[in-house]
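Architecture at a glance
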Amino acid sequence: MERNHHLHRQLANLRQSFFDQGYLDEQLIQLEELQDDANPNFVEEVVTLFYKDSARLIHSIDQALEKNPLDFAKLDSHMHQFQGSNSSIGAKKVKTECTQFREYCRAGNVEGCKRTFQQLKREYALLKTKLEAYFEVA
Amino acid sequence: MEVENMAGDYSLSDAQELHVLAVDDSHVDRKVIERLLKISCCKVTAVESGRMALQYLGLDGEKSSLGIDELKVNLIMTDYSMPGMTGYELLKKIKGSSALSKIPVVIMSSEKILARIDRCLEEGAKEFLQKPVKLSDVKRLKDFILRGENDNKETEQMKEGSCSRKRKIQDCSLSLTQTHDIPSSPKCSSAPLLQQSLLKHPKIA
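Residues numbered from 1 in each chain as written. Chains lettered and ligands numbered in written order. Predicted model: local features only at pLDDT ≥ 70, side-chain atom pairs only at ≥ 80, totals over all residues. Heavy atoms only, no water.

Chain B has the name Two-component response regulator ARR6 isoform X1 in an unreviewed UniProt entry, where Nicotiana tabacum is given as its organism.

The name given to chain A in an unreviewed UniProt entry is Histidine-containing phosphotransfer protein 4-like, with the source organism recorded as Nicotiana tabacum.

So, on to the packing of aromatic side chains. Enumeration over the complete set of coordinates arrives at four aromatic pairs over all chains. Relative to Tyr51(A), the ring of Phe50(A) has its centre 6.2 Å away and its plane inclined at 45 degrees; by these criteria the two rings are tilted. On the accessibility criterion, Tyr51(A) (16% relative accessible area) is buried. Consider the rings of Phe50(A) and Tyr124(A), whose centres lie 6.0 Å apart with planes at 65 degrees: the pair is edge-to-face. In this pair, Phe50(A) sits in helix H3 (residues 42-66) while Tyr124(A) sits in helix H6 (residues 110-137), placing the two residues 74 residues apart along the sequence. Residue Phe50(A) is classed as buried on the basis of its relative accessible area, which comes to 0%. The exposure class assigned to Tyr124(A) is buried, which follows from its relative accessible area of 8%. Each residue in the set Phe50(A), Tyr51(A), Phe82(A) and Tyr124(A) is aromatic and connected to the rest through ring pairs, giving one cluster. The ring of Phe42(A) has Arg35(B) lying over it, and the distance from NZ or CZ to the ring centre is 5.9 Å. Sitting above the plane of the Tyr88(B) ring, Arg119(B) keeps its charged end 5.1 Å from the centroid. (Phe/Tyr/Trp six-rings, centres within 6.5 Å; stacked < 30°, edge-to-face > 60°. Buried < 20%, exposed > 50% of the residue type's maximum accessible area, 1.4 Å probe, protein only. Helix = DSSP H or I, 4+ residues; strand = E, 2+ residues; numbered from the N terminus. Lys NZ or Arg CZ within 6 Å of the ring centre and 35° of its normal.)

All names here are of chain B. With numbering aligned to this structure, UniProt lists the feature "modified residue: 4-aspartylphosphate" (unreviewed entry) at Asp79. Within the secondary structure, aspartate 79 is located in strand S3 (residues 75-79). For aspartate 79, the residues in contact, after removing those within four places along its chain, are Val23, Asp24, Asp25, Gly87, Met108, Ser109 and Lys131. (UniProt positions renumbered as here; feature names shortened; annotations may be inferred. Contact = heavy atoms within 4.5 Å.)

All names here are of chain B. Here S3 lies mainly inside the structure; five of its five residues are buried. On S3, burial covers both faces: Leu75, Met77 and Asp79 on one face and Ile76 and Thr78 on the other are all buried. Where strand S1 (residues 19-23) and S3 come together, four bridges link them in parallel fashion. When the sheet's bridge partners are listed, leucine 21 is paired in S3 with isoleucine 76. One ladder, built from four bridges, connects S3 with strand S4 (residues 105-109); its direction is parallel. (Pairing = 2+ DSSP bridges.)

Residues and elements named next belong to chain A. Viewed as axis vectors pointing N to C, H3 and helix H4 (residues 72-89) meet at an angle of 160 degrees, and their least axial separation amounts to 10 Å. By the angle between their axes, H3 is roughly antiparallel relative to H4. Handedness of the H3/H4 crossing: left-handed. Note on element contacts: H4 touches H3 through Leu75, His78, Met79, Gln81, Phe82, Ser85, Asn86 and Ile89, opposite Val46, Phe50, Asp53, Ser54, Arg56, Leu57, Ile58, Ser60, Ile61, Ala64 and Leu65. Residue composition of the contact of H3 with H4, grouped by class: 11 nonpolar, six polar and two charged. (Axes fitted to C-alpha atoms, helices over the stretch in contact; angles between N-to-C directions. Parallel < 35°, antiparallel > 145°, perpendicular 65-115°, else oblique. Left-handed = near helix turned anticlockwise from the far one by under 90°. Nonpolar A, V, L, I, M, F, W, Y, C, P; charged D, E, K, R; others polar.)

All names here are of chain B. Among all positions of helix H4 (residues 87-95), only Gly87, Tyr88, Leu90, Leu91 and Ile94 are buried. With its buried residues spanning 160 degrees around the axis, H4 presents them on a single face. Where H4 is buried, its residues meet S1, helix H2 (50-57), S3, S4 and helix H5 (114-122). (Arc of directions from axis to C-beta.)

A word on the nonpolar core. Among the nonpolar cores identified, the biggest contains 60 residues, and Phe82(A), Phe101(A) and Met77(B) are the most heavily contacted of them. The element that contributes the greatest number of residues to this core is H3(A), accounting for 12 residues. Val47(B), Ile76(B), Leu90(B) and Cys120(B) belong to the second-largest nonpolar core, a separate cluster that totals 24 residues. (Core = buried A, V, L, I, M, F, W, Y, C linked by side-chain atoms within 4.5 Å.)

Before going further, it helps to spend a moment on the packing of H2(B) against H4(B). Residue and element names in this part refer to chain B. It is the contact of H2 with H4, at a shortest axis distance of 10 Å, that shows an interaxial angle of 20 degrees. Regarding the angle of H2 to H4, the classification is roughly parallel. As H2 packs across H4, the resulting crossing turns out to be right-handed. Facing Gly50, Ala53, Leu54 and Leu57 of H2, the residues of H4 in contact are Leu90, Lys93 and Ile94. Its residues assigned to classes, the contact of H2 with H4 shows five nonpolar, one polar and one charged.

Before going further, it helps to spend a moment on unusual backbone geometry. Residue Asn68(A) is joined to Pro69(A) through a cis peptide bond whose omega torsion reads 5 degrees. Summarising the element assignment, Pro69(A) is placed in the loop between H3 and H4. Of note, the bond from Lys131(B) into Pro132(B) is cis; its omega dihedral lies within 30 degrees of zero at -5 degrees. Note on placement: Pro132(B) falls in the loop between strand S5 (127-130) and helix H6 (135-160). For Cys41(B), which is not a glycine, the phi torsion comes out positive at approximately 60 degrees. Within the secondary structure, Cys41(B) sits in the loop between helix H1 (27-39) and strand S2 (43-47). By relative accessible area, Cys41(B) is classed as buried at 15%.

Next comes the structure, spelled out in structure tokens:
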């Protein structure tokens, strides 16, 4: 009993830290409300899809950033998709980086795009480790 | 296959199970919208492109594998930004089709661009939803569509008499035998709904 209570508290604290530190927003809570006994892994399944989509899009953007000159329309299109996925699971910080990246795309700012994308990848990696820890405890 | 009509008229809309066609190129969003719709007791068909949506609806020239009654889609929810055919282009094709123009179409988008919203509404979209879509959005849509469906059904009954009764019996047999997953959540098990509908079947004028 003591151990269960401890785990619950750990989980609650972990969750709260996500929101406090701005990694996630209330969209994740919305998703959790869609989960029930008949569909107990719904959120995890969504997040798994999210990882898969994200890996693909990050790879595409990495490749597109190697080109010279940059195809800003294509970059923006990839990033729009990535932004959408992040929005759907409530990945707040990563979404902010996406918005910033797209602004640089629209301005045709090569340095800005490349710099923001590095920052974005760092944020995404952080998000991923946090979510993975969250599902460990859950 | 016909089922003996034992308890008066029974139609799909009486059982309150709408069939929604969801169109979105994002796998994540398809999964979420599917869940939102299932929780709201809707049957869902989710496809990843406008082209596949048209194929499903039988609008692409190829004959749809399902008959028109089985196919009956009560609502189409489509993402706006999709590669190939945008949600707007899909909307235009649906509204331009005499067979399908009456199906309400809702556009979903993560971007709140007023010109885009206006264009969609002008083209006949019922509503423009901001992503991420919420359960309350879906519930509201469902109520709205159901009201429309019930109004239509009453009008049909008054106009068509025995023809509509036969079609509804076919609908009834299909909804009882179709094996799409029935949610175990107490919110919407199908049995009580069936009982409810049999109790309050509409009278034919």
